[in-house]
Amino acid sequence: MELASWNVNSLKVRLPQLLEWLIVRQPDIVCLQETKLEDAKFPRLEIEAAGYSVAFAGQKTYNGVALLARQPLVDIAIGNPYFPDPQQRLIAATIGGIRVICAYVPNGQEVGSEKYAYKLAWLAALARWLREEVAEYPHLAIAGDFNIAPDDRDVHNPVVWAGKILCSEAERTAFRALLDCGLKDSFRLFDQPEKSFSWWDYRMLGFQKNLGLRIDHLLLSTPLAQRCTASLIDREMRKHERPSDHAPVITVLEP
DNA sequence: ATGGCATTGTTTCAATGA
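Residues numbered from 1 in each chain as written. Chains lettered and ligands numbered in written order. Predicted model: local features only at pLDDT ≥ 70, side-chain atom pairs only at ≥ 80, totals over all residues. Heavy atoms only, no water.

- If you look chain A up in an unreviewed UniProt entry, it shows as Exodeoxyribonuclease III from Dentiradicibacter hellwigii.
- Under the heading Sequence similarities (unreviewed entry), UniProt records this for chain A: "Belongs to the DNA repair enzymes AP/ExoA family." (UniProt positions renumbered as here; feature names shortened; annotations may be inferred.)

### Some remarks on the protein's contact with DNA strand B
Move 1: Near DNA strand B you find 22 residues, and of these Ser10, Glu34, Asn107, Trp199 and Arg203 are the closest.
Move 2: Take Ser10: an N or O atom from its side chain is 2.6 Å from a phosphate oxygen of DNA strand B.
Move 3: A distance of 3.3 Å separates a phosphate oxygen of DNA strand B from a polar side-chain atom of Asp145.
Move 4: Along the lines of polarity and charge, the residues of the surface near DNA strand B split into 7 nonpolar, 8 polar and 7 charged. (Near = heavy atom within 4 Å. Polar contact = N/O pair within 3.5 Å; in protein donor to acceptor, adjacent residues only side chain to side chain. Nonpolar A, V, L, I, M, F, W, Y, C, P; charged D, E, K, R; others polar.)

### As for helix H5 (residues 169-179)
Move 1: Among the residues of H5, Glu171, Arg172, Ala174, Phe175 and Leu178 are the ones counted as buried. Buried residues of H5, seen end-on, are gathered within an arc of 155° and therefore sit on one face of the element.
Move 2: Contacts from the buried residues of H5 go to helix H3 (114-136), strand E9 (183-185) and strand E12 (216-221). (Buried < 20%, exposed > 50% of the residue type's maximum accessible area, 1.4 Å probe, protein only. Helix = DSSP H or I, 4+ residues; strand = E, 2+ residues; numbered from the N terminus. Arc of directions from axis to C-beta. Contact = heavy atoms within 4.5 Å.)

### Considering the nonpolar core
Move 1: Counting residues in each nonpolar core, the largest one holds 31 residues, and the members touching the most others are Leu3, Cys31, Leu67, Leu73, Ile91, Val100 and Leu220.
Move 2: In terms of residues, this core owes the most to one element, strand E7 (residues 98-104), which gives 4 residues.
Move 3: Beyond its immediate chain neighbours, meaning those up to four positions away, Leu73 contacts Ser53, Val54, Ala55, Leu67, Ala93, Thr94 and Ile95.
Move 4: Counting 24 residues, the second largest nonpolar core, distinct from the first, contains Ala127, Ala174, Phe175 and Cys181. (Core = buried A, V, L, I, M, F, W, Y, C linked by side-chain atoms within 4.5 Å.)

### A few points about the sheet that holds strand E8 (residues 140-145)
Either a parallel or an antiparallel arrangement is found when strands of a sheet pair, and the pairing is made through backbone hydrogen bonds.
Move 1: Overall, mixed pairing links the 6 strands, which are arranged E5-E6-E7-E8-E12-E9 in an open sheet. With one partner strand each, in any of the chains shown, strand E5 (74-78) and E9 form the two edges of the open sheet. Taken pair by pair, the neighbouring strands of this sheet meet at an average axis angle of 20°, ignoring direction.
Move 2: Here 3 bridges tie E9 to E12, and the two strands are oriented antiparallel to one another. When the bridges of E12 are listed, Lys184 appears paired with Leu220.
Move 3: Here H3 sits on the sheet in contact with strand E6 (90-95), E7, E8 and E9, set at roughly 160° to E8. (Pairing = 2+ DSSP bridges. Axes fitted to C-alpha atoms, helices over the stretch in contact; angles between N-to-C directions.)

Right, here's the structure in full:
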């Protein structure tokens, strides 16, 4: 079974691509970020018609997360109890015995900025909550746009990006703190091609030149990591007309 | 140091993203 995560950068714009991808790829569980839609405008019927149950938490213009699954979604929870936040960045549900959390981590804008402080506080609260969730749900996955490149090999030009937003030491430490809750980065369970990225800047022919970062991740609890047989990035989606700047990331779990 | 590109809405430019 396949678990996928994709920052769509506007579900309104990307809906036709999403529906085509659901039909072709048939992922079992999908985490979406940056839907940028109020709940009243969420395209529930179109996605249900493609064979998926949905849960979503959105807002106008920014942020917004959603969960799609072939099986029913139960015990849906929005947000982090330790970090009340008007920005819709977290939604969780239990799907076929797996607790799935969909996350859109703040961008942070610039190291040292107010938004950077918000990002680090948000991540600290996430770790606090995640530690409890992993204890409560041994079969847990958290997937989404983490807005952190965990390692220099996740950066096309580590020298240029050194210390910059998405790559700073405090952000990487915060990412390791998430792993320390008992999670594995599913992508690194396997040998992977060099220069594997999940996001490329729209500008300067970023994708064509593979000037990217790996900032979208699927983290698995130990029992799920043991079931994981593959992990990949679906670069084809970034080649579409009017693509999202992010490609979907996918992990495969044996039943 | 800035813009480069895409998306949104209090739109015809500013804010935000990464």
